[in-house]
Structure formats: C-alpha cells, structure tokens
Amino acid sequence: MRWECSHKYHVRPEPEEAAAADPEAVEAVLEAAALTAEVILMADQEGNSMVAFLAQGVIIVAACSGSIVFVWKVRKASKESKQQIKAYEKSDENWNYREMQNYVEEGYYRIQECWRRQDPDYAKDYLSQSLLENWKVKLSWMAMRDEEEIQENVRLLSAKPVHVKNPEGIQEDEVWYVIHGKMKDYRVRKSTGQFLEGNRKPVDFYEYWRFIYEDERWKLDEILQKEDVDIDNLYK
C-alpha cells in the first residue's frame, strides 16, 4: 500500500531467504564488490573485455547484498526488541508480545481493507486520531480527483518489532514494526476504470509501522517506506 503523498509504489525486493548469510560474509561480499569495480575499470582501460565481463557478474551478485544486510538487521533488531517487550511485560500491562503480534497482524488486514473501501473509519480502532484524520483528508482529495485505490491478493508475510520505547508512564510508549507484505496495488480513474499507476501484479514490499499507546490500546500512528529509514537510526 502506498502511504506517502508522493504516491510511491513498491519495488520487489530480493528474496528474504538470502538473509541467512553470516554478517561477516556480507561484509566480505561488499569488500569484494569494491575490488571488483577496480578490476572492471582496469580491464576496460587495457581492453580486456572478457575480464570486465566476468567482473561485472560479480558486481551483480554483490548488489544483492543490500537486501541481505537489511533483512539481517531486521532479524537482529527484532530479537532484541522481543526480549525488551517480554521484560516490560513483568511491570507494564500494555506490553504483551503475543497479544501485540496478534493485534498487528489483525490490524494489517483491517487497515488495508479500509483503503480498499475508501473508508478510514473501518480501521479506526487501529489508527491514532491524527493518522485517522490525515487519511480522511487524503481520501477526500482522491475522491475529488475521481481516483480509486485497488488492492487485491493482500498478504502479510511477516511483522517484526524492531524498536521499542518505554519511558516513565505510558503516554510516550511506542513500538516500530517492519512489515513485509505482498499485494496488487494500483490506482484507477473511478468513473472510467482507466489505469493510472501502481502494480497490477503482486509485489513484495517492506514498510516501517510505528504504533503508539493511545486510548488504552496500541494504534498505528505513522508509516514509512523502507528506503526512507535507516534502521540503525531508530535507536537514536
């Protein structure tokens, strides 16, 4: 689902299975890519097209390392966040890892359905007041432009907590999840069905969802795209 005013659509990432690589191996791949780039440059200068061709193949493999690093970081952050949540369970009633996971998974489908219906109130129990009002404005603008959001084959592949915040009291409690989903997501002219933009084929995507504790329950307050967030900076 697109959540930004710029209406970005998701680009298929590399398969998550690639994340099984050891982090030291990932670093080695990155170093190899840098060295290979130098080899390509030297080979081109010397007119050795075969060496340059083979080296370019190594670069293509190394390009996948970006996704490997991302998924490895998500898994590491998720493990640490899960431990923190379970520790908070002992003293704070609003922290419960199992209940929060179920809530996020249920909320994901409810929230996607509210966009398909063009009705944010359908998911109001899962949205903060500020996000609810924000989406109502966005959908009003879409209606004025005669646009309609189409979502099909909606799936949730995983939902992993990657950062938690639990200061004194509950007013500023928050948790960030990395959502890995898949769906057909595109926009059409409502009156004619004319295709405007998006993906007519199912596409994988990653997003960061930020939940806050409001009205005695966790509610979605912000969504950011994968490319707009440095997972390491969530802790700063």
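Residues numbered from 1 in each chain as written. Predicted model: local features only at pLDDT ≥ 70, side-chain atom pairs only at ≥ 80, totals over all residues. Heavy atoms only, no water.

S.K.: Where do I start with the sheet that holds strand β2 (residues 174–189) in this structure?
M.R.: Either a parallel or an antiparallel arrangement is found when strands of a sheet pair, and the pairing is made through backbone hydrogen bonds. Across the sheet, which stays open at both edges, the 4 strands sit in the order β1-β2-β3-β4 with antiparallel pairing between neighbours. Here the strands that pair on one side only, and so sit at the sheet edges, are β1 (147–165) and β4 (217–225). Looking at each pair of strands side by side, their axes are set apart by 30° on average, direction ignored. Pairing analysis gives 15 bridges linking β1 to β2, with the strands arranged antiparallel. Each residue of the ladder has a partner; that of R155, found in β2, is K182. The sheet strands contacting helix α4 (residues 97–116) are β1, β2, β3 (195–214) and β4, and the helix crosses β1 at an angle near 160°. On the sheet, helix α5 (residues 129–144) packs against β1, β2, β3 and β4 and is oriented at approximately 50° with respect to β4. (Pairing = 2+ DSSP bridges. Helix = DSSP H or I, 4+ residues; strand = E, 2+ residues; numbered from the N terminus. Axes fitted to C-alpha atoms, helices over the stretch in contact; angles between N-to-C directions. Contact = heavy atoms within 4.5 Å.)

S.K.: I'm lost on the confidence of the model for the protein in this one. Help?
M.R.: Any region with low pLDDT has predicted coordinates that should not be read closely. Overall, the predicted model of the protein reaches an average pLDDT of 80, with 71% of residues at or above 70. A low-confidence stretch, residues 2–8 stays under pLDDT 50, and its non-local contacts, those more than four residues away or across chains, total 26 contacts. Contacts of residues 11–28 to residues separated by more than four positions or lying in other chains number 28 contacts, the stretch itself having pLDDT below 50. (pLDDT = per-residue confidence, 0-100.)

S.K.: I would appreciate a short explanation of empty space enclosed by the protein in the present structure.
M.R.: Over the atoms rolls a probe the size of a water molecule, and in doing so it shows where empty space is left. Inspection of the entire model under this criterion finds 2 cavities of 30 Å³ or more. Computed from the structure, the second largest cavity encloses a volume of approximately 30 Å³. In this structure, the second largest cavity is lined by M100, Y103, V104, V175, Y177, F211 and W218. Listed by contribution, the elements that provide at least two residues to the lining of the second largest cavity are α4 and β2. The element contributing the most residues to the lining of the second largest cavity is α4, with 3 residues. Classifying every residue of the lining of the second largest cavity by side-chain character gives 7 nonpolar, no polar and no charged. (1 Å grid on protein atoms, 1.4 Å probe; cavity = no way out; pocket = protein on both sides within 12 Å on 5 of 7 lines; lining within 4 Å. Points joined across faces, edges and corners; volume = space filled by probe spheres on them. Nonpolar A, V, L, I, M, F, W, Y, C, P; charged D, E, K, R; others polar.)

S.K.: Sorry, what's going on with the pairing of β2 here?
M.R.: Remark: a regular strand shows side chains that alternate across the two faces of the sheet. Most of β2 sits out of view: 13 of its 16 residues are buried. Here β2 runs beside β3; their pairing, made up of 14 bridges, is antiparallel. Residue pairing across strands places Y186 opposite G198, the latter belonging to β3. (Buried < 20%, exposed > 50% of the residue type's maximum accessible area, 1.4 Å probe, protein only.)

S.K.: What should I look at first to understand α5 in this one?
M.R.: Residues spaced three or four apart along an α-helix point in a common direction, a consequence of the helix completing one turn every 3.6 residues. For α5, which comprises 16 residues, the first-to-last C-alpha distance of 23 Å matches the rise-based estimate of 22 Å (1.5 Å per residue) to within 8%. Burial in α5 covers these residues: L131, L132, W135, L139 and M142. Taken down its axis, α5 places every buried residue within 100° of arc, on the same side. Here the buried face of α5 lies against α4, β1, β2 and β4. Phi turns positive one or two residues past the end of α5, at D146, with a value near 60°. (Expected span 1.5 Å × (residues − 1). Arc of directions from axis to C-beta.)

S.K.: I would appreciate a short explanation of the packing of aromatic side chains in the present structure.
M.R.: Each aromatic ring pair is specified by the distance between its two centres and by the angle formed by the two planes. On inspection of all chains with the given rule, the structure shows 12 aromatic pairs. Ring centres of Y213 and W218 lie 5.2 Å apart, and the angle between their planes is 70°; on these two criteria the pair is classed as edge-to-face. No difference in accessibility class separates Y213 from W218, as the two residues are buried. The rings of Y103, Y108, Y109, Y126, Y177, W209 and F211 are connected pair by pair, giving a single aromatic cluster. Between the NZ or CZ atom of R110 and the centre of the ring of Y122, over which it lies, the distance is 3.8 Å. One residue, R200, lies across the ring of Y186, its end atom 5.9 Å from the ring centre. (Phe/Tyr/Trp six-rings, centres within 6.5 Å; stacked < 30°, edge-to-face > 60°. Lys NZ or Arg CZ within 6 Å of the ring centre and 35° of its normal.)

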